[in-house]
Amino acid sequence: MSTIAPTPWEQAVENPAPGEHVVQMYRDPDLLVDVVARYCQQGFVKGEAVIVIATHEHRAAFARRLTALGTDVAACTRRGQYIDLDAHECLEAFMIDGAPDRDRFVAVVTPHLTSVRRTGYDRIRLYGEMVELLRPTAFAAAMRLEELWHELLERERQPLLCAYRVDPLDRLDGRVLVPAIARRHSHVVPADDAARFENAVECAFVDVFGADADTTMLRQLCERYRPQSTTMPSAQAVLLNLDDLNPYLGDAVRVIAAEHYRGGVR
Amino acid sequence: MTSVTLESTLRGGDHLCAIYETDDEWLGTTVPYFVEGLARREACVYVAPQKNTAHLDVALRAVGVNVDAELRRGALRFATPEATYLRPGRFDPDVMISLWQELIDAAGAEGYTSLRVAGCPTWINDEVPGVERWAEYEAQMSERFRGRRVIKLCEYDRRLFSPTVLLDVLRSHPFAVVRGAVRANPFVGMANARAESDRNKLDDDLADALARERAARLAAEAACRKKDEFIAVFSHELRTPLASAVVAAALIERLSPTDPRAVTAREVLGRQLDQARRLVDDLLDIERVTAGKVELAAESVDLAQLVRDSVAGILIPTHRFDIDASPARVMGDLGRLRQIIGNLLTNAMKHTPAGGSIRLSVGQHGGEVVLRVDDSGGGMPPELVGRAFEAFVQGQAPGSTPSGLGLGLSVVRRLVELHGGRVDALSEGLGHGSSFVVRFPAAPGASPEATPAS
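A short tour of the structure in this document, coming up. From a predicted model like this one, the values you see are computed outputs, not experimental measurements.

Here we come to the sheet that holds strand 13 (residues 422-427) of chain B. All names here are of chain B. Taken in spatial order, the 5 strands line up as 9-11-12-14-13 in an open sheet, and their pairing is mixed. The open sheet terminates on both sides in strands that have one partner only, identified here as strand 9 (320-325) and strand 13. Within the sheet, the average angular offset between the axes of one strand and its neighbour, ignoring direction, is 15°. Across 7 bridges, the pairing between strand 12 (residues 368-375) and strand 14 (residues 434-441) is antiparallel.

As structure tokens, this is what we get:
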């Protein structure tokens, strides 16, 4: 099997380039708090401003974790470097008949960007979890909102981090939600631990296809036969393409990879 | 009539039988029985058909019994079956036992020392309702009145009763009158002993049967487990090449035929389907070789060249092969010899990490051609060396997952033996690699040359 090149996915989350639209998938809510806190903290370190649109609970958790990391959240807020908005209130402000309205969305988000810029911050990191609030009951609306974000990012040239509580190694999430989410982002970070995720999928490939040289060849063919427009780890690209080639085998690999990933190696 | 004395050995609760075949025998028992009873101030009751009663009456009078006086005072009574056993219109043991109890009580109330009963139940030969419970009744009479103030004598005319009935009689009466003397009935003891013996034997047989059943069940369960394990392993081993083939086919379908990736996918497809075919072939070969269905088309084959060809035919060399082979001819089936070498190579590659070395040597030593395959793989523990050629046995390097059906080496051994040769496995233990040495008879006329495979 091929060796796994270490992919700095943590870097993709912590230091996104302007206009990048990164999605972090997670199963553990604590991981989300860690990731977002690091994302914000790295922004502060680089002299960037941060706008967080999250639930009340998450906003409080992020603030606590940032404080634990040594950030003076109150001071950041006072000088206009840190703005945290309530995700539910924002959603209510631009949703019409269960779908996000472009004009209202722009009207809700843009003033905050303008306000931050006025305080002297040109680089602004965005974090939003309104899509995750829509996902369970209105997935199409969530995807539409991603498209609106994408338009805004292209215009504003600022990075955005999204987060979805979905599991790429779950049959339904992996086959239905992950491809749709992946298509609407520039970078996909599919799991809490990128290296472990890569290793789990590789082990599952060996279990399903055998441990011979052809399996390595087949994995490479799977990864490359249909290039993904989104930047993602090799293992995630393999899973998406394998689903396209044969969804049953995609499921088989996902199920075994999930066991490896969660430590239940057979 | 032969007069006999029943003596005073009879005690309350005794239950006797007398089987006779002449009237003399009958009266020779019954008359003294009642004479003694009357002398002991017992209330005597005789239950029998009228004809028997008449005969007894005469016989008693003949020995001096004042029958009329005894009848009058109630010390002697004659009764018919209809008035006793069959009084309810059918025979009912419970009713009869109750009647005897009443008579015992009445005798006691009237000052008699005991009740003495005799009877000749010829009526049981008739189709009387309830008669099928007669043997049960006789057995109950022994049990219910044991130690009570009643003595019972049951008379059976051998000429009137079937052997089955007589056997039941012997089994249900603790005492028998034999040649005029009361004897403990050996049949009852024998019957009890027999029953006990039968019961013990039954217990032993049952225990044996249970042990046999348990052993058979455990063996069946073990076989079933082995079968399940085999099916699981076989399914897995077959699934992997088929899964690869399915994905390769899907890639071919989606890519342009001239796309280099499609070319690679076609190669993968071919190899994986061939791998699946080999698995099935191995499985079928085991059965065919075992059943003697494999016929060898013998020809002179240079084993050294065959080894070189086999290594050259490996499409994706993942190991380093060192070949030291001098011409060595054997008489054998080219296809089967190729299969032997192929299986040994596959085994060596499977157990040697990619990049490891595998050494093959072929040479003639005297009348033998020796093929040796040495790998630098995980080796075998001593207990596995002796079982390496058993079907479904496979080694597993520590930390690795088992793969294969464990049939390859088994097929090798059987094919080698079909060629008149033998194969041995060697290993100095885990981590020290394994060696397989095959010896074939050299082809006639072949002369030994260089001898690398020592």
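Looking now at the interface of chain B and chain A. Listed as interface residues are 20 residues of chain B and, on the opposing side, 18 residues of chain A. Summing both partners gives a buried area of about 1700 Å² for chain B against chain A, and 68% of it is carried by carbon and sulfur. Where R254 of chain B meets D244 of chain A, a salt bridge forms, and the shortest distance between an N and an O atom there is 3.6 Å. Here chain B is connected to chain A by 7 residue pairs in polar contact (both at pLDDT 80 or more). At the level of secondary structure, the elements contributing two or more residues to the side of chain B that touches chain A comprise helix 7 (186-254) and helix 8 (260-290) of chain B. Ranked by residues supplied to the side of chain B that touches chain A, first place goes to helix 7 of chain B with 11 residues. Looking at side-chain class alone, the side of chain B that touches chain A contains 10 nonpolar, 6 polar and 4 charged residues.

With 60 residues, the main nonpolar core has F34, Y85, F91, W100, W123, Y137 and Y156 of chain B as its most contacted residues. Not counting the four nearest positions on each side in its chain, Y156 of chain B is found in contact with A18, I19, Y20, P121, I124, W134, E138, F161, V165, L166 and V169 of chain B.

Residue and element names in this part refer to chain A. Enumeration according to the criterion identifies 46 salt bridges over all chains in this entry. In this structure, D244 and R226 form a salt bridge, with 3.8 Å as the shortest nitrogen-oxygen distance. Note that D244 is positioned in helix 12 (residues 234-245) and R226 in the loop between helix 11 (213-224) and helix 12, a separation of 18 residues in sequence. The partner of R254 in a salt bridge is D243, and the shortest N-O contact between them spans 2.7 Å. In this pair, R254 sits in helix 13 (residues 247-261) while D243 sits in helix 12, placing the two residues 11 residues apart along the sequence. For D243, a relative accessible area of 11% corresponds to the buried category. Sharing partners across several salt bridges, the network here consists of R175, D243, D251 and R254.

It is worth spelling out the packing of aromatic side chains at this point. Tallied over the entire structure, the rule returns 22 aromatic pairs over all chains. For the ring pair Y85 of chain B and W123 of chain B, a centre distance of 5.2 Å and an interplane angle of 35° mean the geometry is tilted. Placement of the pair is Y85 of chain B in the loop between strand 3 (76-79) and helix 4 (93-109) and W123 of chain B in the loop between strand 4 (115-119) and helix 5 (134-144), with a sequence separation of 38 residues. Residue Y85 of chain B shares its accessibility class with W123 of chain B, and that shared class is buried. Here F389 of chain B and F436 of chain B contribute two aromatic rings whose centre-to-centre distance is 6.0 Å and whose plane-to-plane angle is 85°, an arrangement assigned as edge-to-face. Linking F389 of chain B in the loop between helix 11 (382-385) and helix 12 (408-418) with F436 of chain B in strand 14, this pair joins segments that are 47 residues apart in sequence. When its relative accessible area of 3% is taken as the criterion, F436 of chain B is described as buried. An aromatic cluster is built from Y85, F91, W100, W123, W134 and Y137 of chain B, whose rings are joined through pairwise contacts. Over the aromatic face of Y39 of chain A sits the side chain of R125 of chain A, whose NZ or CZ is 5.2 Å from the ring centroid.

Residue and element names in this part refer to chain A. Closest axis-to-axis distance for the helix 10 (residues 194-209)/helix 12 pair is 8 Å, and the angle between their directions is 40°. On the basis of the axis angle, helix 10 is oblique to helix 12. Of helix 12, the residues touching helix 10 (which contributes F197, E198, V201, F205 and F209) are S234, A235, Q236, V238, L239 and L242.

A few words on the sheet that holds strand 5 (residues 150-157) of chain B. All names here are of chain B. Read from one edge to the other, the open sheet built from 7 strands follows the order 3-2-4-5-1-6-7, with strand pairing classed as mixed. In the strand order of this sheet, the two ends are held by strand 3 and strand 7 (181-184), each with one partner. Neighbour to neighbour, the strand axes of the sheet diverge by 25° on average, direction disregarded. Across the sheet, helix 6 (residues 163-172) touches strand 1 (15-20) and strand 5, and the angle it forms with strand 1 is around 150°.

Reading the values: rules and limits
- Residues numbered from 1 in each chain as written.
- Chains lettered and ligands numbered in written order.
- Predicted model: local features only at pLDDT ≥ 70, side-chain atom pairs only at ≥ 80, totals over all residues.
- Heavy atoms only, no water.
- Pairing = 2+ DSSP bridges.
- Helix = DSSP H or I, 4+ residues; strand = E, 2+ residues; numbered from the N terminus.
- Axes fitted to C-alpha atoms, helices over the stretch in contact; angles between N-to-C directions.
- Contact = heavy atoms within 4.5 Å.
- Buried area = accessible area lost by both parts, 1.4 Å probe.
- Salt bridge = Lys/Arg side-chain N within 4 Å of Asp/Glu carboxyl O.
- Polar contact = N/O pair within 3.5 Å; in protein donor to acceptor, adjacent residues only side chain to side chain.
- Nonpolar A, V, L, I, M, F, W, Y, C, P; charged D, E, K, R; others polar.
- Core = buried A, V, L, I, M, F, W, Y, C linked by side-chain atoms within 4.5 Å.
- Buried < 20%, exposed > 50% of the residue type's maximum accessible area, 1.4 Å probe, protein only.
- Phe/Tyr/Trp six-rings, centres within 6.5 Å; stacked < 30°, edge-to-face > 60°.
- Lys NZ or Arg CZ within 6 Å of the ring centre and 35° of its normal.
- Parallel < 35°, antiparallel > 145°, perpendicular 65-115°, else oblique.

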